[in-house]
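# Understanding the architecture of this molecule
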Amino acid sequence: MAQIRIENVRKDFGSFNAVKSSTFTIEDGEFFMLLGPSGCGKTTTLRMMAGLELPTSGEIYIDGEEVGQKPASQRDIAFVFQMFALYPHMNVGRNMSYPLLSQGMPKAEAKRRVLEVAKILGIEGMLDRPVGGLSGGDRQRVALGRAIVREPKAFFMDEPLGALDAEFREHMAEELRALHDRMGATTVYVTHDQLEAMQMGDKIVVMNHGVVEQFGAPQQIYDWPATKFVAQFIGSPPMNFLDFNGIVGKGATEINLGGVRLAIPQQLDGASGDLTLGIRPEHVRPSDAAPYRGEIVASEYLGTTQIVTFDTAHGRIKARIPSHHKVVVGDTTGLELDARTLTVFDASTGRALSSIANREVLHHG
Ligand code: ATP
């Protein structure tokens with residue numbers, strides 16, 4: 001059980017700044033995702049929390065104790081690497097008891113703990129089997145078991161499902177999450193897959209070029225992205241952007257998009273110049289009466305829904321609408337933009353113009 005806090009943590013490799021000043025808190029028992037594209041600094045951040053890499057500056061607290069300069073062995077955490085890294089010459093039971101015996105735990109006690117954990121993972125029947133013949137899923141369970149037997153304060157996982165095919169990956173993701181819910185141990189999990197992060201995480205940190213772009217619950221991040229980067233990285237298709245030039249007074253509650261006035265769900269901080277209106281595809285709907293117009297350029301059938309692409313005066317946008325809604329490529333139609341869901345960004349900084357912290361999550365559908 002552990003709360004982990006990162007305060008102004010920075011990491012340089014020589015002259016390269018891999019992680020810029022990062023601050024966030026992982027609460028005790030959370031399943032916490034570090035999400036971002038390749039090279040954004042998520043593995044480096046995880047390795048600093050685990051003690052496998054020392055921060056250049058800043059502090060790392062585990063349960064209130066500053067551990068930033070302490071090695072991994074003094075942090076009481078378990079790092080689950082790629083899940084297939086087992087000792088090939090040992091059987092399942094030995095693979096799991098090895099970390100305990102090497103710490104000097106008496107054999108009987110280690111055996112008892114291994115059996116207990118093996119039961120949680122459903123592998124108690126295979127403790128005598130060699131690991132060589134196991135299926136991928138069972139190997140993964142053994143690797144997890146080896147981490148769990150030590151009863152660490154927290155688990156750290158770096159793309160543990162990366163090497164698995166899609167179907168098996170989904171199955172193991174569900175299993176990992178269920179295991180976490182049973183055990184309640186703080187888990188920090190690195191992924192570049194936004195769907196995996198949304199499905200599994202209690203909280204997500206989205207990183208880009210070494211910067212924490214946003215930190216929050218999946219639905220908060222989806223509904224109210226703090227930056228254009230987050231808006232595009234999360235969601236498929238990503239959030240639509242309509243670029244416009246405008247003046248928004250401080251405290252404004254509406255914008256003028258090419259002569260069409262649109263209400264905004266919260267007061268804006270105020271800005272002028274190049275702005276971007278963000279709206280998710282499921283919040284755009286063709287409606288003859290709507291004053292904002294778009295030409296239908298494509299429709300993609302996805303079963304119950306379709307993705308329809310429109311060209312507007314401010315750029316190309318996509319709508320996710322029911323498949324039974326008939327659309328004709330080449331037609332021009334009105335577009336209803338759900339006013340409760342709009343986000344306005346400053347186009348030059350990419351940051352949302354209103355505080356996103358206190359917004360209510362939306363009810364989709
Ligand atoms: P990936 O998913 O590709 O591993 P990541 O987001 O986990 O990406 P990191 O592995 O944290 O990214 O790397 C962040 C940046 O720091 C990258 O540009 C990487 O090349 C660089 N980097 C990481 N480790 C080192 C190192 N030991 N020496 C020099 N540069 C490094």
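Residues numbered from 1 in each chain as written. Predicted model: local features only at pLDDT ≥ 70, side-chain atom pairs only at ≥ 80, totals over all residues. Heavy atoms only, no water.

### As for helix H2 (residues 92-101)
- Counting buried positions along H2 yields seven of ten residues, so the element is predominantly enclosed.
- Looking at the buried residues of H2, the elements they touch are helix H3 (107-121) and helix H4 (136-148).
- A side-chain oxygen of the first residue of H2 lies 3.2 Å from the backbone nitrogen of Gly 93; this N-cap is Asn 91. (Buried < 20%, exposed > 50% of the residue type's maximum accessible area, 1.4 Å probe, protein only. Helix = DSSP H or I, 4+ residues; strand = E, 2+ residues; numbered from the N terminus. Contact = heavy atoms within 4.5 Å. Polar contact = N/O pair within 3.5 Å; in protein donor to acceptor, adjacent residues only side chain to side chain.)

### Structural notes on the domain arrangement of the protein
- One can read the domain layout of the protein as domain 1 (4-223) and domain 2 (237-364).
- Taking the mean C-alpha position of each, domain 1 and domain 2 sit 38 Å from one another. (Domains from an automatic or database assignment.)

### Structural notes on the sheet that holds strand E16 (residues 293-301)
- Within the open sheet, the five strands sit side by side as E15-E19-E16-E17-E18. Their pairing is antiparallel. Only two strands of the sheet have a single partner each, and these edge strands are strand E15 (284-286) and strand E18 (315-322). For this sheet, the mean inter-axis angle between neighbouring strands, taken without regard to orientation, is 45°.
- As paired elements, E16 and strand E17 (residues 305-312) share six bridges and run antiparallel to each other. Bridging from a neighbouring strand, Tyr 301 pairs with Gln 306 of E17. (Pairing = 2+ DSSP bridges. Axes fitted to C-alpha atoms, helices over the stretch in contact; angles between N-to-C directions.)

### Quick look at the pairing of strand E4 (residues 57-62)
- Relative to E4, strand E1 (residues 4-13) runs antiparallel, the two being bridged by five bridges. Looking at E4, one finds that Ile 6 is bridged to Ile 60.
- Remark: two residues form the turn of the hairpin made by E4 and strand E5 (residues 65-66), two consecutive strands paired antiparallel; Asp 63 in that turn has positive phi of roughly 50°.

### Quick notes on the site of the ligand
- Near the ligand, the surroundings consist of Phe 13, Phe 16, Ala 18, Pro 37, Ser 38, Gly 39, Cys 40, Gly 41, Lys 42, Thr 43 and Thr 44.
- A distance of 3.0 Å separates an oxygen atom of the ligand from a polar side-chain atom of Lys 42.
- One nitrogen or oxygen atom from the side chain of Thr 44 is found 2.5 Å from an oxygen atom belonging to the ligand.
- Its free accessible area being 630 Å², the ligand has 58% of it covered by the protein chains.
- Looking at the shell around the ligand, the elements that each hand over two or more residues are strand E2 (16-26) and helix H1 (42-50).
- If you tally residues by element for the shell around the ligand, the top one is H1, at three residues. (Near = heavy atom within 4 Å. Areas by Shrake-Rupley, 256 points an atom, 1.4 Å probe, with all protein chains shown as cover.)

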